[in-house]
Amino acid sequence: MDYFTDKLSAALVPILALLVSAVLFGIFVAFAGVSPFETYALIYKGAFGTWFSWQNSLQRAAPLLLTALCTALPAQMGLVIIGGEGALVIGGLASVSTALVLQSFLPPVAVQITMLLAGTIAGAIWIGGIGALRHKRGVNEIISSLLLVYIAIAILNTLVEGIMRDPGQPQKSSTHPVADTVMFGNLPGMDVHWGLLIGVMFCIATFVLMYLTPFGFSARIVGGNPRAARMLGLPVGKLVIIICAVGGGAAGLAGAIEVAAVHGRANSALIAGYGFTGILVAFMARQNPLAIIPVALLFGGIEASGGLVQRRLDLPNAAVEVLKGIIFVVVLAFETFSGRLGFLKRRKP
Amino acid sequence: MGDTDIGYWVVPLAVFAGAIRVSTPFLLVSLGECLTEKSGRINLGLEGTLMIGAMSAYGVSYLTGSPWLGVGIAAMAGMMMGFLHGIICSLPRVNDTAVGIALMLFGTGLAFYFGKPFIGPQAPALPSIEFGWWSDIGQIKSALSINVLFIFGLVMAFVISWGFKSTRWGMIIRVVGDSEDAARAMGFNPNFVRTVTTAAGGALAGMGGSFLSLFYPGVWHEGLSSGQGIVAVVLVIFARWNPLGCLYASLLFGGAGALGPALQSVGFSGGYHLLNVAPYFLTLVIMILTSSSKQRLSGAPGELSVNR
């Protein structure tokens, strides 16, 4: 019973925070002269109102599942990584590079697998390096991961305007395209690519890793109390680097999927903010890989409804950014209520 | 004012001029962050504050024609953002770094939302003081035209440095930053002091933003700051929480940031994007060289969560 009320209270706090954010954003749009009720009706319609919008939301949730893991897994060890966007960009670049080299002589399935692997490995090295710097040199991981986002974007821009540039794309600097035969198809019966399933599987696998294996248990001990972990003789450095690499691998995989299933080439379209929204998803899911699945769907829906809200209500497209920002701030402020919802506590007899 | 051909002298001159120009937002933001961190809290949201400051200053200057009013409004807006951070972090069990990340995204979103109509029109810019009146060479003249906000930041660096050492308020901030228990025992309310320093730091960061949109580069667009607020947070660590150190560090970073445009002006155009992120590389390298996993950094406020 206590276990159940604990879980209920853990889920209730973010839900209450979401309701409060909804009221605050309603007031915000009311100031812009737009009816809050109409706004929410449109958000619902654009996110989950029709089968078409459901598919759009699922498509956008796919990368969020993976970028959220990039924050959530290191957070289990007490590290705050906010550089998922950088790992996504680097993963996308790595996957497009391998595809361009290999697609002329390998069968498409082999190219697809190497693309995913290349993206994952690149992201793992990118964020694993941040974990290594944190452990070996005490470099603050929040700041280094964010700085590396800007560096990753500069690398992407340099390559797509320089040596990797496709001269056939004059309007938008891009790499050469991945062959059509290599591109990922859709899940059976729907207009959503395979990346969604990969993302969900990754979340479940990392949940099992973190909560049901001795490895994950020792990693969470490091997060709870590093001194105790050292006393137990746990290999703290190794755990930090591996968990960061797994998180970075997830974000890199998201980049590879965006290339292989959506864009077909690497260009600035990769910098769509999935890495940053992933941070919010992770915090709202309280860094739990399973809870990431519904939260990513919710935010995929919010992202998907952005266009409709913008067209119908004539709000700037940054309205969605404001909504996400309000939710993020309120969710964190509501941390103060966690475990304190008195009516859920069992009364002492 | 004609440009004389002075050959490759253009590069050091442009780096010098650029160091002052590019460093001004770094200087104002890092002074604000220094003030906040000395009281034992870290505000990572200054990146968002910088964007809000830039947008509101540009908007007000465009609508009213007065760039100075824009600077004032930017400072007010920055103060509001700092105040919000201060209040939320005063709630028990709320993590200041996480709230900073959230406010960074919130602030950028707000700036994009309200800034949409100001992308495009040209707002009146801030004037600068011409220190190059003695020279006939155009490049020297333009290198020595220094903005008032830089001079303000310069003065503030000395004032804050003196304030920490020699004023009652300065000492209260340092006590609160070093030991919450000691501050409580002396009868100060740490949350109140920290909220005040975060609001003041936000005001300085907002002014830093106004410099970006009203002087250099002097336009408003959505990629205006791209991480300068975060670099400024690192500068404070690099400067060992010393306001004068913030001044020198900002100048160094300003110089690194000016290297790209300076090399471009003499026709060296390779790696444009990479040169633009030179300050981020430099920041990262400095963090790797100066951090240590064995001990805390000297001069770090005891209550600061990033160092724990």
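Rules used throughout
- Residues numbered from 1 in each chain as written.
- Chains lettered and ligands numbered in written order.
- Predicted model: local features only at pLDDT ≥ 70, side-chain atom pairs only at ≥ 80, totals over all residues.
- Heavy atoms only, no water.
- Helix = DSSP H or I, 4+ residues; strand = E, 2+ residues; numbered from the N terminus.
- Rg over C-alpha atoms; globule rule 2.2 N^0.38 Å.
- Domains from an automatic or database assignment.
- Contact = heavy atoms within 4.5 Å.
- Buried area = accessible area lost by both parts, 1.4 Å probe.
- Salt bridge = Lys/Arg side-chain N within 4 Å of Asp/Glu carboxyl O.
- Nonpolar A, V, L, I, M, F, W, Y, C, P; charged D, E, K, R; others polar.
- Axes fitted to C-alpha atoms, helices over the stretch in contact; angles between N-to-C directions.
- Parallel < 35°, antiparallel > 145°, perpendicular 65-115°, else oblique.
- Left-handed = near helix turned anticlockwise from the far one by under 90°.
- Buried < 20%, exposed > 50% of the residue type's maximum accessible area, 1.4 Å probe, protein only.
- 1 Å grid on protein atoms, 1.4 Å probe; cavity = no way out; pocket = protein on both sides within 12 Å on 5 of 7 lines; lining within 4 Å.
- Points joined across faces, edges and corners; volume = space filled by probe spheres on them.
- Phe/Tyr/Trp six-rings, centres within 6.5 Å; stacked < 30°, edge-to-face > 60°.
- Lys NZ or Arg CZ within 6 Å of the ring centre and 35° of its normal.

Visitor: Describe the overall build of chain A, with residues and values.
Guide: In terms of helices and strands, chain A carries 13 helices and 0 strands. Seen in sequence order, chain A has helices and strands lined up from the N terminus as α-α-α-α-α-α-α-α-α-α-α-α-α. Computed over its C-alpha atoms, the radius of gyration of chain A comes to 21 Å, within 12% of the 20 Å expected for a compact globule of 349 residues. The principal-axis extents of the C-alpha atoms in chain A amount to approximately 75 × 60 × 35 Å.

Visitor: Account for the domain arrangement of chain A, with residues named and values stated.
Guide: Residues and elements named next belong to chain A. Domain annotation of chain A identifies domain 1 (1–34 + 315–349) and domain 2 (58–308). Contacts between the two partners involve 13 residues from domain 1 and, on the opposite side, 11 residues from domain 2. Contact between domain 1 and domain 2 buries roughly 1,100 Å² in total, counting both sides, with carbon and sulfur atoms accounting for 76%. It is V320, K324 and F328 that lose the most area in domain 1 upon contact with domain 2, and together they represent 44% of the buried surface on that side. As a salt-bridge pair, K324 and E303 come within 2.6 Å of each other at their nearest N and O atoms. Elements supplying a minimum of two residues to the side of domain 1 that touches domain 2: α1 (2–31) and α13 (319–333). At 7 residues, α13 tops the list of elements feeding residues into the side of domain 1 that touches domain 2. Among the residues making up the side of domain 1 that touches domain 2, the classes are represented as 10 nonpolar, 1 polar and 2 charged.

Visitor: If you had to explain the packing of helix α3 (residues 51–75) of chain A against helix α11 (residues 274–284) of chain A to someone new, which residues and values would you point to?
Guide: Residues and elements named next belong to chain A. It is the contact of α3 with α11, at a shortest axis distance of 7 Å, that shows an interaxial angle of 65°. Accordingly, the angle class assigned to the pair α3 and α11 is roughly perpendicular. Here α3 runs over α11; the crossing is right-handed. On α11, the residues touching R60, P63, L64, T67, A68, T71 and A72 of α3 are Y274, G275, T277, G278, I279, V281, A282 and F283. Residues belonging to the contact of α3 with α11 are distributed by class as follows: 9 nonpolar, 5 polar and 1 charged.

Visitor: How would you summarise the interface of chain B and chain A if you had to cite specific residues and measurements?
Guide: Each partner contributes residues to the interface: chain B has 44 residues there, and chain A has 46 residues. Approximately 3,700 Å² of surface area, both sides summed, lies buried where chain B meets chain A, with 77% of it carried by carbon and sulfur atoms. Its largest share of buried area at the contact with chain A, chain B owes to B:R93, B:Y113 and B:H273, together 19% of the area lost on that side. Those elements giving two or more residues to the side of chain B that touches chain A turn out to be α4 (96–115), α10 (228–238), α12 (272–276) and α13 (278–290) of chain B. Top contributing element to the side of chain B that touches chain A by residue count: α4(B), with 14 residues. Looking at the side of chain B that touches chain A, its residues break down into 31 nonpolar, 9 polar and 4 charged.

Visitor: I'd like a description of the side chain of A:S305, backed by residues and values.
Guide: All names here are of chain A. Inspection of the secondary structure puts S305 in helix α12 (residues 289–313). Note on S305: relative accessible area 1%, which makes it buried. When near neighbours in sequence (up to four residues on either side) are disregarded, S305 contacts L42, I43, G46 and A47.

Visitor: Hey, could you go over the pattern of salt bridges for me, with residue numbers and the actual values?
Guide: When the charged atoms of two side chains with opposite charge come close together, those side chains can pair. Residue and element names in this part refer to chain A. Going through the model one piece at a time under the given rule, you end up with 7 salt bridges over all chains. The partner of R134 in a salt bridge is E141, with the nearest N and O atoms 2.7 Å apart. Classification of R134 by relative accessible area gives partly exposed; the value is 25%. Exposure remark for E141: the relative accessible area of 4% places this residue in the buried category. A salt bridge links E321 to K324; its shortest N-O distance comes to 3.6 Å. Taken together, the positions of E321 and K324, both in helix α13 and 3 residues apart, correspond to about one turn of that helix. Shared partners join several salt bridges into a network, and the residues in it are E303, E321 and K324.

Visitor: Tell me about the environment of A:A296, and name the residues and values.
Guide: Residue and element names in this part refer to chain A. Within the secondary structure layout, A296 lies in helix α12. For the pair A296 and N225, spaced 71 residues apart in sequence, the C-alpha to C-alpha distance is 29 Å. Excluding residues that lie within four positions of it along the chain, A296 makes contacts with A61, L64, L65 and V281.

Visitor: Explain empty space enclosed by the protein to me, using residue names and the numbers behind them.
Guide: Under the definition given, this model contains 2 cavities of 30 Å³ or more. When its volume is computed, the largest cavity comes out at roughly 60 Å³. Contributing to the lining of the largest cavity are B:A17, B:I20, B:R21, B:T24, B:A143, B:S145, B:I146, B:N147, B:F150, B:F211 and B:F215. Contributing elements (two or more residues each) for the lining of the largest cavity: α1 (10–38) and β2 (145–147) of chain B. Computed from the structure, the second largest cavity encloses a volume of approximately 40 Å³. Considering the residues around the second largest cavity, the lining is formed by A:F25, A:T39, A:I43, A:I302, A:S305, A:V309, A:A319, A:V320 and A:L323. Looking at side-chain class alone, the lining of the second largest cavity contains 7 nonpolar, 2 polar and no charged residues.

Visitor: Just give me the short version of the packing of aromatic side chains, but keep the residues and values in it.
Guide: What the rule picks out here adds up to 14 aromatic pairs over all chains. Centre to centre, the rings of B:F26 and B:F253 are 6.4 Å apart; their planes meet at 80°, and the pair counts as edge-to-face. Here B:F26 is found in helix α1, whereas its partner B:F253 is found in helix α11 (residues 243–265), with 227 residues between them in sequence. The same class applies to B:F26 as to B:F253, namely buried. Ring geometry for B:Y113 versus B:F114: centroids 5.0 Å apart, planes at 85°, classification edge-to-face. The class of B:Y113 is buried, set by a relative accessible area of 6%. Site record: aromatic cluster; members linked through ring pairs are A:F25, A:F28, A:Y40, B:Y113 and B:F114. Geometry around B:Y216 places B:R21 over its ring, the cationic atom sitting 5.4 Å from the centre.

Visitor: I'd like a description of the environment of A:N157, backed by residues and values.
Guide: Residues and elements named next belong to chain A. Tracing the sequence through the fold places N157 in helix α6 (residues 141–161). Residue classification places N157 among the buried residues on the basis of a relative accessible area of 17%. For the pair N157 and S268, spaced 111 residues apart in sequence, the C-alpha separation works out to 7.3 Å.

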